[in-house]
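Residue-level structure breakdown
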Amino acid sequence: MPDQPVAEYAVARGKAKSFYERYERYERKSELQHQTHFCPGCGHGNVHKMLAQAIDELGVQDRTIMIGPVGCGVFTYYYFDVGNVQAAHGRAPAVATAMRRSRPESIVISYQGDGDLSAIGSAEILHAANRGENITVIFVNNAIYSMTGGQAAPTTLIGQKSTTTPNGRSAATEGYPLRVSELLATLEAPAYIERVGLGDNKQIAQAARAIKRAVDNQMRGLGFSLIEVLSPCPTIWKLTPVDAQHWVRDVMEKTFPLGVFCDRTKERQPQALEREPQAPEKLAASAAQSAPTLAELPRILGVAEEDLPEGHAGAMTDAQDVDLEVRIAGFGGQGVLLLGEVLAQAGLDAGLEVSWLPSYGPEMRSGTSNCHVRLSRQTIDSPLVTAPNVLVAMNEPSLRKFDKSVRPGGWVIYNGDEFPADCKRDGVHVLALPFTELADAMGDKRAANMVMLGAVLEIAGVLPQASVEAALRRLVKNQRWVDLDERAIARGRELTKESKS
């Protein structure tokens, strides 16, 4: 037979360009790099396809940022060839807010499951919606905690069994299913909220249209859009994929009716934060023109001061090895945090790596207060000081709480007439003086923290005095207090020298 002409076919639907060509999650199994991790019949796969297709059709792949959740949809960054940010459990709307505000030319999509969004993330989604953030939220609701084995979620139906409701969810003990779309629709700020389903082909087609519209709303600057998708979970529901799809249509929809719950898009004007997308080279040029110089930063941050020294890093030699970890503790009102701030600011002025971390007790008055300060020539890995080489204890409760943590060879500076005998340890140096009384004799007992700072500076011996003075003048605005504090620091140095001699 003569060769028959080969018919030419046009591809009507293929893999979206917004997906990676191969999924590197299965790095060592090349035969699996064409498939996702989702179970057969899971709705996430369909929602991924709809979202990727919408991104392609709207032409925003190069400026889309996906915010990935904790849950079954956690691996968005393995599948979507767009910008990807992984958020902590439930925090995707907060992260999306930050991304959208810092990069207003971007299209930011928060992708979340019902456990992630409606349980631990309920505050984040509520306030993002109430602010009308110009983001798109895809909310996949399968009425269960799937990734962790099938516990009841806020969206679990009345009577539905789970590992934590083995007899079925009861309104008396677990409350009613949370209807997120209806709840958010009561707010004034959202632009568009719709619930769709994956229960049959008609529902799937409507879901695709809604998702595309939600992304388009963001492109137009109309504000917050959320699409809730009722999605099957055959594995945890213990149904076949077909039965699970029917369960969405025949059972879930009775509790979560489909429809548009909020549509203010016709009356909305583009948000003021919107601007036309620019090419990367134009954005870089614009940033270079508008970026402030280092010299301008103090003025911008409101910390500019006249006649202050500009820095004394040159006063320290590179040979000086600095690794100072200080824990300062006392009652609220004793100046614990200011002592730490002056020490940290002096370290910055001297050109060191610095961290300062405050910690407060729960009491409104007379509560505990402590802070961690680290000074180093090397990059600081953590601001926590768990084994200080200097402990500043401004009262006995603080001494007893932290004295055992001081490393061998370290120092304890204690505000008291006498160091408690049962707190003494071999290999740990002690300086115990009535610092409050000494400060009172100088004019004000509240300067006890600065007398103790003088002791720390004398023991550490790493910071130039000029850096300490500059830090003090940045932090203390009243000249009378500056004068008193400088005398208090000098007194602390003097007393420490005497005790060491």
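Described in the following lines is the structure provided in the data block. Here the residue numbering is sequential within each chain, running from 1 through the sequence in written order. pLDDT decides what is reported in this predicted model: residues at 70 or higher carry local features, side-chain atom pairs at 80 or more are listed and counted, and totals for whole chains, interfaces and linings draw on all residues regardless. Side-chain numbers come from the whole structure's heavy atoms, not from hydrogens or water.

Section: the overall build of the chain
To be explicit about the condition: We count a stretch as a helix when DSSP gives it H or I for four or more residues in a row; a strand needs E for two or more, and each element gets its number in order from the N terminus. Partly exposed describes any residue whose relative accessible area lies between the buried limit of under 20% and the exposed limit of over 50%, with all areas from a 1.4 Å probe on protein chains only and scaled to the type maximum. Every residue pair with non-hydrogen atoms within 4.5 Å of one another is taken to be in contact. Shrake-Rupley sampling with a 1.4 Å probe provides the accessible areas, and residues are treated as covered by the protein chains on show and by no other component.
Helices and strands together make up the secondary structure of the chain, namely 18 helices and 13 strands. When burial is assessed residue by residue, the chain has 46% of its 501 residues classed as buried. Long-range pairs, those at least 24 residues apart, make up 65% of the contacts in the chain between residues at least 6 apart in sequence. For the chain, the accessible area works out to roughly 25,400 Å², and carbon and sulfur atoms hold 52% of it.

Observations regarding the sheet that holds strand β13 (residues 429-433)
Selection rule: Strand pairing requires that DSSP identify at least two bridges connecting the strands. To get an axis, a line is fitted to the C-alpha atoms, and for a helix only the part in contact is used. The angle between two axes follows their N-to-C directions and goes from 0 to 180 degrees.
Spatially, the 6 strands line up as an open sheet ordered β9-β10-β8-β11-β12-β13, and their pairing is mixed. Either end of the sheet is taken by a strand with one partner, and the two such strands are β9 (353-360) and β13. Along the sheet, successive strands turn relative to each other by an average axial angle of 10°, direction set aside. On the sheet, helix α13 (residues 336-349) packs against β8 (323-331), β9, β10 (368-376) and β11 (390-393) and is oriented at approximately 10° with respect to β10.

Description of the packing of aromatic side chains
Put simply, the rule reads: Only Phe, Tyr and Trp rings are paired, with Trp represented by its six-membered ring, and only when their centres lie within 6.5 Å; those with planes under 30 degrees apart are stacked, over 60 edge-to-face, the remainder tilted.
Applying the stated criterion to the full structure yields 9 aromatic pairs. Seen in terms of ring centroids, F19 and Y23 are 6.4 Å apart; in terms of plane orientation they differ by 80°. Their pairing is edge-to-face. One exposure class covers both F19 and Y23, and it is buried. Ring centres of F19 and F80 lie 5.2 Å apart, and the angle between their planes is 50°; on these two criteria the pair is classed as tilted. Of this pair, F19 sits in the segment before α1 (43-58) while F80 sits in the loop between α2 (76-79) and β2 (83-86), and the two are 61 residues apart along the sequence. For the pair F19 and F80, one class covers both residues: buried.

Overview of the sheet that holds strand β6 (residues 225-230)
The strand order across the open sheet formed by 7 strands is β2-β1-β3-β4-β6-β5-β7, and the pairing between neighbours is mixed. Only two strands of the sheet have a single partner each, and these edge strands are β2 and β7 (259-263). Within this sheet the neighbouring strands show an average axis-to-axis angle of 15°, counted without direction. In the sheet, strand β1 (residues 64-68) pairs with β2 via 4 bridges, with the strands oriented parallel. Counted as the bridge partner of G68 is Q86 from β2. Packing of helix α8 (residues 201-219) onto the sheet brings it into contact with β3 (107-113), β4 (136-141), β5 (192-197), β6 and β7, and relative to β5 it is tilted by some 160°.

Considerations on the side chain of T156
Heads up, the condition is: The term polar contact refers here to a pair of N or O atoms within 3.5 Å; inside protein, the definition further demands a hydrogen-donor-capable atom paired with an acceptor-capable atom, and it admits residues adjacent in sequence only when both atoms are side-chain atoms.
Structurally, T156 can be placed in the loop between β4 and α6 (171-174). By relative accessible area, which is 0% here, T156 ends up buried. From its side chain, T156 meets the backbone oxygen of A143 in a polar contact 2.8 Å long. Separated by 2.7 Å, the side chain of T156 and the backbone nitrogen of A153 make a polar contact. Setting aside its immediate chain neighbours within four residues, T156 contacts A143, I144, R169 and P177.

Considering a negative patch on the surface
Put simply, the rule is: Only residues whose relative accessible area exceeds 30% and that form no salt bridge enter a patch; like-charged residues are grouped when within 9 Å of one another, and nonpolar side chains (Val, Leu, Ile, Met, Phe, Trp, Tyr) when within 5 Å. Salt bridges are defined by distance alone: a side-chain nitrogen of Lys or Arg within 4 Å of a carboxyl oxygen of Asp or Glu. Think of it this way: Lys and Arg go in the positive column, Asp and Glu in the negative one, and His and the chain ends go nowhere. Note that the charge is assigned to NZ on lysines, CZ on arginines, CG on aspartates and CD on glutamates.
Residues D417, E418, E437 and D440 make up a contiguous surface patch of negative charge. Locating D440 in the fold gives a position in helix α15 (residues 435-442).

Remarks on the environment of N478
Here N478 lies in the loop between α17 (465-475) and α18 (479-500). Residue N478 is classed as partly exposed on the basis of its relative accessible area, which comes to 41%. A distance of 2.8 Å separates the side chain of N478 from the backbone nitrogen of R480, its partner in a polar contact.

What to know about the pattern of salt bridges
By the definition in use, this model includes 21 salt bridges. Close ionic contact of R131 with E133 constitutes a salt bridge, the shortest N to O distance being 2.6 Å. Judged by its relative accessible area of 43%, R131 falls in the partly exposed class. A salt bridge links D422 to R400; the shortest N-O distance between them is 2.9 Å.

Some remarks on a nonpolar patch on the surface
Together, L126, L178 and L183 give the surface a local cluster of nonpolar side chains, amounting to about 210 Å² of exposed area. By the element assignment, L183 lies in helix α7 (residues 180-185). L183 gets classed as partly exposed once you look at its relative accessible area, which sits at 41%.

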